[in-house]
Amino acid sequence: MDMSLGVLLATPFVGGILAYLGGKIHRWVRYTFAILFSLLAFIEIFFFYNTTVGNYVWGRLFGSVLVLQINPISWIFAFIVTGISFLVILFSINDVEGHKGLDFYYLELLFVEGAMLGITLAGDLITFFMFWELMSWTSYFLIIQGGKKSITAGYKYIIMSVIGAYSMFVAIAMVFGRAHSLVFKNVSMLLSQSSPAFVIWFFVLFGIGLFVKAAVMPLHTWLPDAHSEAPSPVSPLLSGVLIKMGAYGLTVLFYGFLSVQLIGKLAPTILPTPLLLYIVEWLAAISIVLATFLAILQEDAKRLLAYSSISQIGYVVLGIAMGSSLGIAGGLFHALNHAIFKSLLFFVIGGVIYRTGTRNMSELGGLIKKMPVSFIGALFGIVALSGVPPLNGFVSKWMIYEALLQKKEVFLLIMAFVGSTGAFLYLYRFIHSVFLGQLPEKYKDVKEVPFLMQLPIWILSALTIVFGIWPGLAMNVIAQGEKFLGITPIKYTLYGFPQGTAMSSLKVINISSVLIIAFIVVLALYLMLPKERFVSQYDTYAAGQVVTPETKYNYSYGFYMFFGRVINPIFKWSADKMYEAWARATKVFGDYMRRVYTGNLETYSSYIVVLITIVAFVLLIGGKLW
Amino acid sequence: MIRKITYGIFLGIIVLSLILFFAAFPFGKNKMAVGKYYLKNDINQTGAANVVTAVTLDYRGFDTLGEVTVLFAAATGVAILFYVLEEDKKKRERQVYPNFVVRVGSRIIFPFILLFGSYIFIHGHLTPGGGFQGGSIIASGFLLLYLAYPGERVNRSKLSVVEGIAGITFAGLGLWGLFTQGNSFLFNFLPKGQLNMIFSAGILPIIYIAIGFKVASEFAGIVDDMMCEAVCSGGEK
Amino acid sequence: MSILNWIYLIIVSVGIILAVVRMIAGPDLTNRVIGLDVLTTITIALFVFFAMIFQRYIYIDVALVYGLLAFIGVLVIARFIERGF
Amino acid sequence: MIYYIGAFLLIAIGLYAIIIKKNLIKILIGLDLIASGTNLLIVSIGYVKGGTAPIFSKGNILAKMMVDPVPQALTLTAIVIGASELALAAAFVVILYRHYGTLDIKKIRSLKW
Amino acid sequence: MVKIIIGYFLLYFGAAFLFLGAFGLIRLPDLYTRMQASTKSTTLGALSSVLGVGVLYPQWFVKCLVVALFILLTAPVSSSALMRAGYKTGVPLDKRTIVDKGKEFFGEGEKEETK
Amino acid sequence: MVNIANPILLIAIPLLFAFLIAVLAPWLKKGVKYIPVIAFGLNLLVVFELIPDVLDNGIVIATTAGIKPPFAINVAVDRLSLFLVLIATLLGFLVSIYNLVYIKEEPAEKFHILFTLLVTGITWMIVTGDLFNMFVAFEVTSISAFGLVGFHRDKDAAEAGFKYLVMGSIGASLLLIGVVMLYAATGTLNMADIAEKIMRFTFKQKLLPYAFIFTGLGIEGALFPLNAWLPDAHPAAPSSVSSILSGIMTTAAIYGIIRVTVTIFNYYQVILFLILFGLLTLMFGETAAFFQKDIKRMLAYSTIGQTGLFFYAFSLGSINGMQGAFLQMMNHSLAKATLFLVVGGIIFSVGSRNIDDFAGIGRKMKLSAFLFAIAAFSLMGLPPFFGFWSKLKIIFATLERVNVYTIAFVVIVLFMSLIEAAYFFRVMQVMFFKEAKEEKEVREAPAWMLIPAITLVVIILVLSFYPTPVINFAHKAAADLVGRSVYINSVLGGL
Amino acid sequence: MEKAGKFNRYIFAVIVLYVSWILLTATFRKDELIVGLIVSLLVAIGTYDYLSEYGLKHLSPKRLWYLAIYIPYYLWEMILANFDMAYRVLAPSMPIKPGIVEVHTDLKTDTGKLALANSITLTPGTLTIDVKDDTLLVHWIYVKEETVEGATREIGGRFEKFLKEIFG
Ligand code: NA
Ligand code: NA
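### Structural notes on the packing of helix α16 (residues 392-406) of chain A against helix α17 (residues 410-435) of chain A
All names here are of chain A.
- Between α16 and α17, whose axes approach to 9 Å, the crossing angle comes to 160 degrees. By the angle class used here, α16 and α17 are roughly antiparallel. The element α16 and its partner α17 pack so that their crossing is left-handed. Contacts between α16 and α17 involve Lys397, Tyr401, Leu404 and Leu405 on the former and, on the latter, Leu412, Leu413, Ala416, Phe417 and Ser420.
- When grouped by side-chain class, the residues that make up the contact of α16 with α17 number seven nonpolar, one polar and one charged.

Structure (structure tokens):
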């Protein structure tokens, strides 16, 4: 059984190489290999359903063993990885046909899959980090294949990723310095014996790496660009799967390496949740709200979905950070659900772009008649995303609300609701602008996407129903996972939650009242604004984005213009701008630094003399270095 | 000005610290450790009357190989820097009118310089001279010839061959000692002979002769390059 | 006998000083070089003298080498003066 | 000790020339001064009070009376190396002069920002 | 004893002329006259000195002779070269100079060529 | 059958062949270029013969003149030296293959001579067991390098070469003064002997000679602030030379510092102080690299940065730190040599050194671009490439003790890695994803220029996926180095 | 005088060099003599062409005889010259009347002209600056005759008759 983990992990990599080489023979050889191996990986996953395979040693390094493992928690994420990757490859076949460098594209696609699979299967921190880095830069190469703008976006992405990864690296190295073994078990043992300061350092540094990937505000700035500029089939992979690696990492960090009790010991527990987790909860909640507002402002459909992803991953992180069995279950479940419906929506918009060539919502409209399947997919997607029964998003969001209620974290609950309510606004905009309304003249000959591109839409739409109606399917694994982490799972049935459990005692009144408050907030914002206002044709306000000639936005068709006016002040200090300023400062500083190299011989030789003088001086004053 | 004073002070500090350091090992004091060993064992180990030569070529012969290599590299480097295409060379050649006294005088002195140089490196193991000094003297003879006949050049191919063969002789002798005799590079496998005779000190005189040839040809090459540069590009600026 | 040697040394040293004075005073390069030229010749004589004082036969060889190099050096400088290279 | 100090001064003056002087030839002279100073230092180190040159010539000089032969051998090596370096340096100066028509280092600046 | 007397006589004779050559270097008015003094005097002085040593140590005589021959051969050559260099670069003649045939000797055209 | 596992052959063979070039050049103008290949091929054989001996005994010592050390110069190859000798010889061999096609300019035979001497000098510096001999080897190396930097004889080459020469000469003199000070103090020049005799010296007495030797070697070793010649010289040289200069020469000088610091001086009082040099070198190198438009200049600055990195790791003073340093040295040597070789080929085809002119190379010179990418990845330390393992080790070694300083160090190291990643990714973006402005006829470099780079990349890949033996070896080398007794006792008491 | 053949000149060179070697080593020890011969033979290969044009003819007894007479005469002239010089340098009035004059020579060989030039340089008050064809340019510290003929008689005449015999 041990070897099989290696086989599983190797599958996508081997597939990638074979697809690359096969592509040199014929494109269908390439497709065959790509589809076959991604499907194979997906099938192999099911052999590990509900099992825990520990510590398959695949190498040794610096005295530490490198191990692979799988457990129900990582299985969930491995499942998402392989499943969505398979669909992405299916979708790609028509979508990117005819582009240059396709062999490389599929190689990268399968390598990203392999890297993400590696993260989920990692049993020690070196392996984890190695695949984490591999994921970052292989996905970088995918992103920058999306055209001119994608290069800038990719650059931002890789820089942020590397910063995050390095932060994580420091945390890992700190542990290595003490434990000399980085197998998860040893890590958690070490952390349980370490001083609070050490644990906090570890927590923060490791967490930053994960937050960047999970795009938790304020470390999210790479995501809107990267997800929207990436090639159509890559966006679902990024939004659906890649950012979930952050969620997986957080789960492992919070409950694998540490535990609620341990985190609780780090600081006085006056809050419903241990302090560190509480902070994470707040960051997640802020992400939910702000990203929602930003999503509302977007003209670009993919950008809209990208901001939506930030908001939705906020729910996942919020759930996971809560520390309660229900919250964690909700978070994990939402991770799965988000993977499904967000990928679905990206596939849909990918299809639209494939047919119309644009993703600017103001240029689209009325596609419902031309692309009915896509419309249905979009409908399923937005319904699921908004958390409306009976689709899957409803269940997981409801679990999170309930968990918040249990903990009496009212503010967070309100913020979560605001996020949901806001989601209605942008999703309505999305489906209205694209599929409803008037069909522009130039798109009157548009056809439905080809079958291979429809297939993922069908499958994912079906899954939103499946997991909505039978949440027990997912809860089965999640519960096993919670058990694995040492958390008592909540009770569940195939169709939902049995009587007498937390979920069954839904305090509908409470939830409703919070929901009403949320509506009032949104309405108030709406009413506060003048109805008409002259708007410049080229308003350069860019919602916290870099204002460069390429990214100048045209808001003359602003659908939710008023929102922009409201939240403008909030984003005056936008995180992105802060990074920009910081980068600029670094650059200026660096520019000064390099002026040391003047090119003048006399300066260079004087450096030598000065250096020796210092030593001589030290010697003359008594040979004390400090 | 401030710059000058500053660096003056800095260098003063450095000199002071150096004085401080060497105060512990004063001038004229015997500091020998390995040196004693050489003075004691020179005659029976190498048979060279001049201990400096014994050190240079035997105990530290490996250094000398390096030194020869450095010179070789420098000569090659100069040749690279002054490399001019053959056509350019001809174009730039100019007739120069040298002093008659210098011209004829040099012609007559030149053979004696060669002889003297040879004398110096052949007696390298007996007197303070050696391959380097002898070689330099011979090269200075070439310099003299250049001063007398600025337009002419030595045959560079021949020089190159001489320096190559001399180098091969040195390294080859070292390897010969390594492979056939004492399993040690530059092993002195020839008889040590009688002190103060030319045929003494084993391979040392051979090495010094090789060095003499090598140094002579290399310095001559450098001189050739420099003079050619001076003559050929004289009218350019 | 050593007093004789000392007197010799003193006389020659004065000569050296005078030559150095010319080297420093100039006023042009050629004048400096004739100072050097004189210095060279004196030095050769001194080398041989020291060979006697220190009983080192081989210093005479040194004198020859020195003389030769100085001679060529002066020729080089003369040429340099004339042609500026 | 005066030899030592002389050697140090030569080295210091050489360094000073390299830092302060603008003329390439003077920089070369600086380099040579450093090398000469170093050589003087090496030779001075080997000197033993009352010692003679380490050569067993006919006079039957005893090994005890001789100065250290090692520094002399080292100097020999160092001189040749210094000369090689200087020759190469001079060649560079000639090439620089050919390209820039000046010996002023301030004016040789194609590689300065 | 005779050896010592002759030897030291030669040495001091040499020393005197070495000094004289250097003194002429200081006293005489221009390059050319200085060179007259220095070349002749120092050559003879060195010659005499070296031979003096050779006389004092007869076993070294041959070697000293070689040195002497060397000086004899090289000294005029270097002075000649130096003087021509000085003359061609226009080092001024003393104002007492009564005749200068150098201009016609070298000729303008040739001077051009060597410059 | 003669025993060829003698480290002296590593020097004698190429010297012999270098002289042979001079002899044959007048007749075999075209043929002499094969001689360096033969010489370093033979050297590779010798190194392979040496490997088992060194692995078994920890050190192999060879005498000269048939006299025991410390009375005659000896040559010693322990694990650490073997590590570097292997790289030097390998690079020498591969790059001389590259030169077969690359060097077209005259005087080619002189180039081949100097190239052979350069690599020989580097090897020599690494294997010698005598301090003055190290100075001589240092000079062999640097004089050859000066000549090679000036090989093109244009404005840049002349200026860069002159600066390099002046700096290098100052460095050599300082090194020599330091060595002489040690001789004055101990009366010997043998490294092991000095190490033994210097034990009775105080910290203060050791400081000045150490400072001189350190500065002298530091100039060649590209340590800040002594490295300013490097960014001029490395780009001015022909690419094949740059790959040796950047790939192994600076490393060899750093090796010299390591030897002197640990084996001879056993100078742990200053070793922590050296961290400063490492970090500053790293910071200035990487920062300056970020601003470059000329690819070779960028790579040269990157060399400074990388040197800072492994020097920093060495300065940690622990076995783990040194292990990391050695791994990083190896990674840097292989990767940077590859980069220069590949870039040389690209410049060969494109005719420009400006990064912006490389647009579209990724499609036209696929293999070159691919090799560039792999080498760059390894240099940056991206997993799963070899550089990742070495960087991992360095960070791990730093954080053996967690405190404010180590955290700050790590942050600096990682931030600089980030900058390095930033500029390499920028180059790759241009190469792979930017369309060329005008359609130029750009062809792939000739096979003989690609084979060396391919070989190096294959080695990098093998090391990436099978790093354990090298990692273990580096650990043993570091342990031997820190232990000191293996070296000193073997040289003085052995044979 | 006829230019001598190569072999002739080579032998001459060997002889001259060998004698020099013996002078240099100042010994008749067997090893030195053997090595000296080898060295002379080798050095002569490369240099006989420079050393002389007339080879063994230089060694005819008559020439050697004149040489033997010339050397002491020359040395004597040199000593005289120096006293003359001393007088001019030391005399408070500094009796100089410098000038640059031309001197004619009948000598045909380069070696002869060189010997003449050097002799002039080292003897009273004169110093050869350069030689062209059969004219010597001489700096004279106390000019007695400005004309070529006069100067030739005053300066060169004394040596020329010897040198004509020696270098013919
Ligand atoms: Na010698
Ligand atoms: Na020698």
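### As for the nonpolar core
- By size, the foremost hydrophobic cluster in this structure holds 563 residues, and its most contacted members are A:Tyr106, A:Phe206, A:Phe257, F:Phe326, F:Phe372, F:Phe424 and F:Phe425.
- Looking at this core, the element that brings in the most residues is helix α6 (residues 155-186) of chain F, giving 20 residues.
- Inspection of this core shows a minimum of three residues originating in each of domain 1 (267-530 + 537-567) and domain 2 (578-625) of chain A.
- Other than its neighbours up to four places away in sequence, F:Phe326 contacts F:Leu80, F:Phe83, F:Ile258, F:Ala474, F:Ala477, F:Ala478 and F:Leu481.
- Judged by nonpolar contacts, the second largest core, of 135 residues, contains C:Leu64, E:Leu47, G:Tyr70 and G:Phe159.

### Some points on the interface of chain G and chain E
- In this complex, chain G contributes 48 residues to the contact, which on the side of chain E involves 44 residues.
- Summing the contributions of chain G and of chain E, the shared interface buries around 3,900 Å²; its carbon and sulfur component is 72%.
- Remark: the boundary between chain G and chain E carries one salt bridge.
- Counting the contacts that link chain G with chain E gives 15 residue pairs in polar contact (both at pLDDT 80 or more).
- Of all the elements in the fold, those that place two or more residues in the side of chain G that touches chain E are α1 (6-25), α3 (61-90), β1 (99-104), α4 (110-122), β2 (126-132) and β3 (135-140) of chain G.
- Here the side of chain G that touches chain E takes 12 residues from α3(G), the largest share from any one element.
- For the side of chain G that touches chain E, the residue count by class is 31 nonpolar, 11 polar and six charged.
- One ladder, built from two bridges, connects strand β1 (residues 99-100) of chain E with β1(G); its direction is parallel. Across the sheet, E:Asp100 pairs through a bridge with G:Ile100, a residue of β1(G).

### A short note on the pattern of salt bridges
- As enumerated under the stated definition, the model contains 26 salt bridges over all chains in all.
- The partner of B:Arg60 in a salt bridge is F:Asp130, and the shortest N-O contact between them spans 2.6 Å. Here B:Arg60 is found in the loop between α3 (51-59) and α4 (61-81), whereas its partner F:Asp130 is found in the loop between α4 (108-127) and α5 (131-149) on a different chain. Each member of the pair, B:Arg60 together with F:Asp130, is buried.
- Among the salt bridges present, the one from F:Lys29 reaches F:Glu109, with a minimum N-O distance of 2.6 Å. Note that F:Lys29 is positioned in the loop between α1 (9-24) and α2 (34-57) and F:Glu109 in helix α4, a separation of 80 residues in sequence.
- Judged by relative accessible area, F:Lys29 falls into the partly exposed class, the value being 40%.
- According to the relative accessible area criterion, F:Glu109 is buried, its value standing at 12%.
- In this structure, a network of salt bridges that share partners links the residues F:Glu159, F:Lys163, F:Asp232 and F:Arg297.

### Focus: the interface of chain F and chain A
- Between chain F and chain A, the residue contacts involve 73 residues of the former and 56 residues of the latter.
- For the pair chain F and chain A, the summed buried area comes to about 5,800 Å², and 83% of that belongs to carbon and sulfur atoms.
- In terms of surface lost to chain A, no three residues of chain F exceed F:Phe291, F:Phe396 and F:Phe433, which account for 12% of the buried area on that side.
- Across the chain F-chain A interface, the total number found is zero salt bridges.
- Summed over the shared surface of chain F and chain A, the number is two residue pairs in polar contact (both at pLDDT 80 or more).
- Ranked by residue count, the leading element in the side of chain F that touches chain A is helix α18 (residues 404-433) of chain F, at 12 residues.
- When the residues that make up the side of chain F that touches chain A are grouped by side-chain class, the tally is 52 nonpolar, 11 polar and 10 charged.

### A look at the sheet that holds β2(G)
- Spatial ordering of the open sheet is given by β1(E)-β1(G)-β3(G)-β2(G), a layout of four strands whose pairing is mixed. Looking at strand neighbours, the two that pair on one side only are β1 of chain E together with β2 of chain G, the edges of this open sheet.
- As paired strands, β2(G) and β3(G) are joined by six bridges and run antiparallel to one another. Directly across from G:Asp130, in β3(G), lies its bridge partner G:Leu137.
- Most of the contacts of helix α5 (residues 148-167) of chain G go to β1(G), to which it runs at about 65 degrees, and overall it touches β1, β2 and β3 of chain G.

### Quick look at the packing of aromatic side chains
- Tallied over the entire structure, the rule returns 101 aromatic pairs over all chains.
- The interplanar angle of 75 degrees and the centroid separation of 6.0 Å between the aromatic rings of A:Phe46 and A:Trp75 together place this pair among those described as edge-to-face. Here the residue A:Phe46 occupies a position in helix α2 (residues 27-47), and A:Trp75 occupies one in helix α3 (residues 72-95), the gap between them amounting to 29 residues.
- By relative accessible area, A:Trp75 is classed as buried at 4%.
- Plain terms: the ring middles of F:Phe311 and F:Phe314 are 5.7 Å apart, the flat faces sit at 45 degrees to each other, and that makes the pair tilted. Note that F:Phe311 and F:Phe314 are positioned in helix α13 (residues 295-315) at a spacing of three residues, about one turn of the helix.

### Overview of helix α10 (residues 239-264) of chain F
Residue and element names in this part refer to chain F.
- For α10, spanning 26 residues, the distance from its first C-alpha to its last is 35 Å, which sits close to the expected 38 Å at 1.5 Å a residue.
- If you look at α10, its biggest bend is around 35 degrees, right at Leu245.
- Among the 26 residues of α10, 26 are classified as buried, and the element is accordingly described as predominantly covered.
- Of the residues trailing α10, Asn266 is marked for its positive phi of about 45 degrees.

### Side note on the arrangement of the chains
- One finds no contact linking chain E with chain F; the least C-alpha distance across the pair is 27 Å.
- In this structure chain A stays clear of chain G, and the shortest span between their C-alpha atoms is 44 Å.

### Quick notes on unusual backbone geometry
- Looking along the chain, the bond that leaves F:Glu106 and enters F:Pro107 is cis, with omega of -10 degrees.
- With a phi angle near 50 degrees, G:Met94 is a residue other than glycine that sits in the positive phi range.
- Among the structural elements, G:Met94 can be located in the loop between α3 and β1.
- The class for G:Met94 is buried, based on a relative accessible area of 11%.

### Observations concerning the environment of A:Glu299
- Along the polypeptide, A:Glu299 turns up in the loop between α12 (275-296) and α13 (301-321).
- It is 9.2 Å that separates the C-alpha atoms of A:Glu299 and A:Phe430, two residues lying 131 residues apart in sequence.

### Comments concerning the packing of helix α23 (residues 601-620) of chain A against α6(F)
- Between α23(A) and α6(F), the least distance of the axes is 10 Å, while the angle of their chain directions is 15 degrees. By the angle between their axes, α23(A) is roughly parallel relative to α6(F). Considering the relative orientation of α23(A) and α6(F), their crossing is right-handed. Residues A:Leu601, A:Tyr604, A:Ser605, A:Ile608 and A:Ile612 of α23(A) pack against F:Phe162, F:Lys163, F:Val166, F:Met167, F:Ile170 and F:Leu174 of α6(F).
- Among the residues making up the contact of α23(A) with α6(F), the classes are represented as nine nonpolar, one polar and one charged.

Rules behind the numbers
Residues numbered from 1 in each chain as written. Chains lettered and ligands numbered in written order. Predicted model: local features only at pLDDT ≥ 70, side-chain atom pairs only at ≥ 80, totals over all residues. Heavy atoms only, no water. Axes fitted to C-alpha atoms, helices over the stretch in contact; angles between N-to-C directions. Helix = DSSP H or I, 4+ residues; strand = E, 2+ residues; numbered from the N terminus. Parallel < 35°, antiparallel > 145°, perpendicular 65-115°, else oblique. Left-handed = near helix turned anticlockwise from the far one by under 90°. Contact = heavy atoms within 4.5 Å. Nonpolar A, V, L, I, M, F, W, Y, C, P; charged D, E, K, R; others polar. Core = buried A, V, L, I, M, F, W, Y, C linked by side-chain atoms within 4.5 Å. Buried < 20%, exposed > 50% of the residue type's maximum accessible area, 1.4 Å probe, protein only. Domains from an automatic or database assignment. Buried area = accessible area lost by both parts, 1.4 Å probe. Salt bridge = Lys/Arg side-chain N within 4 Å of Asp/Glu carboxyl O. Polar contact = N/O pair within 3.5 Å; in protein donor to acceptor, adjacent residues only side chain to side chain. Pairing = 2+ DSSP bridges. Phe/Tyr/Trp six-rings, centres within 6.5 Å; stacked < 30°, edge-to-face > 60°. Expected span 1.5 Å × (residues − 1). Bend = angle between axes of the 7 residues up to and from the residue.

What is shown is where atoms sit, not what they do.
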